Amino acid sequence: HVDWKKVDFTFGGSTLEMLAQQDVSDPFFAVKVPYTDGTILIVKHKEYVKNVAAFGFQFERFVTGVAIDDCTDADFVEHLHLMRVGRHKVLFRAEVDAFVDGLPVEVKASNPRYWGSNTMFQMISNGSTKLCHGVKSRGQITRIDMRRLSDVAKDALDNYDSNRLERNILNGMAALEKQMVAVNDSEVFKVSFARGSLTLL
């Protein structure tokens with residue numbers, strides 16, 4: 001049960017990364033959720049092509065015990081959890097790749113060099129405290145490592161100014177809150193950035 005009077009925002013799996021990096025190369029939209037006390041939903045709207053032969057997709061199937069040649073539409077599970085971000089309560093809803101002992105786990109077979117801060121924020125958003133990483137060499141999985149969120153975060157934050165990322169997230173949320181005060185429920189706005197400040201179009 002969610003007490004909507006206590007939820008300021010609801011974020012999808014990519015929202016923290018978008019706010020932290022101020023990156024709207026994918027379209028994000030904001031709307032006030034009807035019948036709440038002004039809860040603001042931020043969600044990415046992008047059409048995805050599901051390539052069941054893709055390496056990462058096949059690796060997910062392998063570690064979750066799904067047959068490699070299974071072409072049926074895959075079900076997916078979203079994890080919901082409430083977190084405090086700055087002074088706000090945020091309901092996160094994001095797709096989870098797998099579960100171990102009832103806890104969500106992110107699954108990846110890509111090179112960590114290309115993760116940036118995205119994998120860290122994805123894990124925070126979907127509630128994963130562990131990452132199942134398929135380590136590749138010459139196009140083949142050579143081993144599977146289970147990594148903790150704290151290790152993924154440490155690696156990510158070695159390459160970024162954590163104060164800047166935090167500031168961007170909090171400033172973005174403050175701008176959303178301020179600009180959404182006077183709008184009607186169900187009015188949809190596109191998220192944009194102008195000179196480092198979040199604006200709604």
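An account of the accompanying structure is given in this report.

One pass over the full model with this rule turns up nine salt bridges. For Arg-93, the salt bridge identified is with Glu-78, shortest N-O distance 3.1 Å. Of this pair, Arg-93 sits in strand 5 (residues 88–96) while Glu-78 is found in strand 4 (residues 77–85), placing the two residues 15 residues apart along the sequence. By relative accessible area, Arg-93 is classed as partly exposed at 25%. In this structure Glu-78 comes out as partly exposed when scored by relative accessible area, which is 35%. Lys-108 is the partner of Glu-106 in a salt bridge, and the nearest nitrogen-oxygen pair spans 3.9 Å. The network of salt bridges with shared partners includes Asp-26, Lys-44 and Lys-46.

Attention now moves to the environment of Asp-155. By the secondary structure assignment, Asp-155 is in helix 4 (residues 149–157). Judged by its relative accessible area of 36%, Asp-155 is partly exposed. Taking the C-alpha atoms as reference, Asp-155 lies 27 Å from Val-43; in sequence the two are 112 residues apart.

Right, let's talk about the packing of helix 3 (residues 118–126) against helix 4 for a bit. When two helices pack together, their arrangement is given by the angle between the helix axes and the distance between those axes. Two numbers describe how helix 3 lies on helix 4: the axes approach to 8 Å, and their chain directions differ by 145°. Here the hand of the crossing between helix 3 and helix 4 comes out left-handed. Side by side, helix 3 and helix 4 meet where Thr-119, Met-120, Met-123 and Ile-124 of the first sit next to Leu-149, Val-152, Ala-153, Ala-156 and Leu-157 of the second. Across the contact of helix 3 with helix 4, the residue classes tally to eight nonpolar, one polar and no charged.

The subject of this paragraph is a nonpolar patch on the surface. Taken together, Phe-55, Phe-62, Val-63, Ile-68, Ile-141 and Ile-144 make up a surface patch of nonpolar side chains, about 490 Å² in accessible area. For the nonpolar patch, the element with the most residues is helix 2 (residues 55–64), which contributes three residues. Its location among the elements puts Ile-141 in strand 9 (residues 140–148). The partly exposed category is assigned to Ile-141, whose relative accessible area is 32%.

Okay, the sheet that holds strand 8 (residues 130–137) next. Spatially, 6-7-8-9 is the arrangement adopted by the four strands of the open sheet, whose pairing is mixed. This sheet does not close on itself; its edge strands, each paired only once, are strand 6 (98–100) and strand 9. Each strand axis lies, on average, 30° off the axis of its neighbour in the sheet, ignoring direction. Bridge count between strand 6 and strand 7 (residues 103–108): three bridges; the pairing is antiparallel. In the sheet register, Phe-99 faces strand 7, and the bridge partner there is Pro-104.

Let's shift gears to helix 2. Along helix 2, the residues that are buried comprise Phe-57, Gln-58, Phe-59 and Arg-61. Of the surrounding secondary structure, the elements contacted by the buried residues of helix 2 are strand 7, strand 8 and strand 9. Immediately downstream of helix 2, the backbone of Gly-65 shows phi near 80°, a positive value.

Cut-off values and rules
- Residues numbered from 1 in each chain as written.
- Predicted model: local features only at pLDDT ≥ 70, side-chain atom pairs only at ≥ 80, totals over all residues.
- Heavy atoms only, no water.
- Salt bridge = Lys/Arg side-chain N within 4 Å of Asp/Glu carboxyl O.
- Helix = DSSP H or I, 4+ residues; strand = E, 2+ residues; numbered from the N terminus.
- Buried < 20%, exposed > 50% of the residue type's maximum accessible area, 1.4 Å probe, protein only.
- Axes fitted to C-alpha atoms, helices over the stretch in contact; angles between N-to-C directions.
- Left-handed = near helix turned anticlockwise from the far one by under 90°.
- Contact = heavy atoms within 4.5 Å.
- Nonpolar A, V, L, I, M, F, W, Y, C, P; charged D, E, K, R; others polar.
- Patch = residues over 30% accessible without salt bridge, like charges linked within 9 Å, V, L, I, M, F, W, Y side chains within 5 Å.
- Areas by Shrake-Rupley, 256 points an atom, 1.4 Å probe, with all protein chains shown as cover.
- Pairing = 2+ DSSP bridges.

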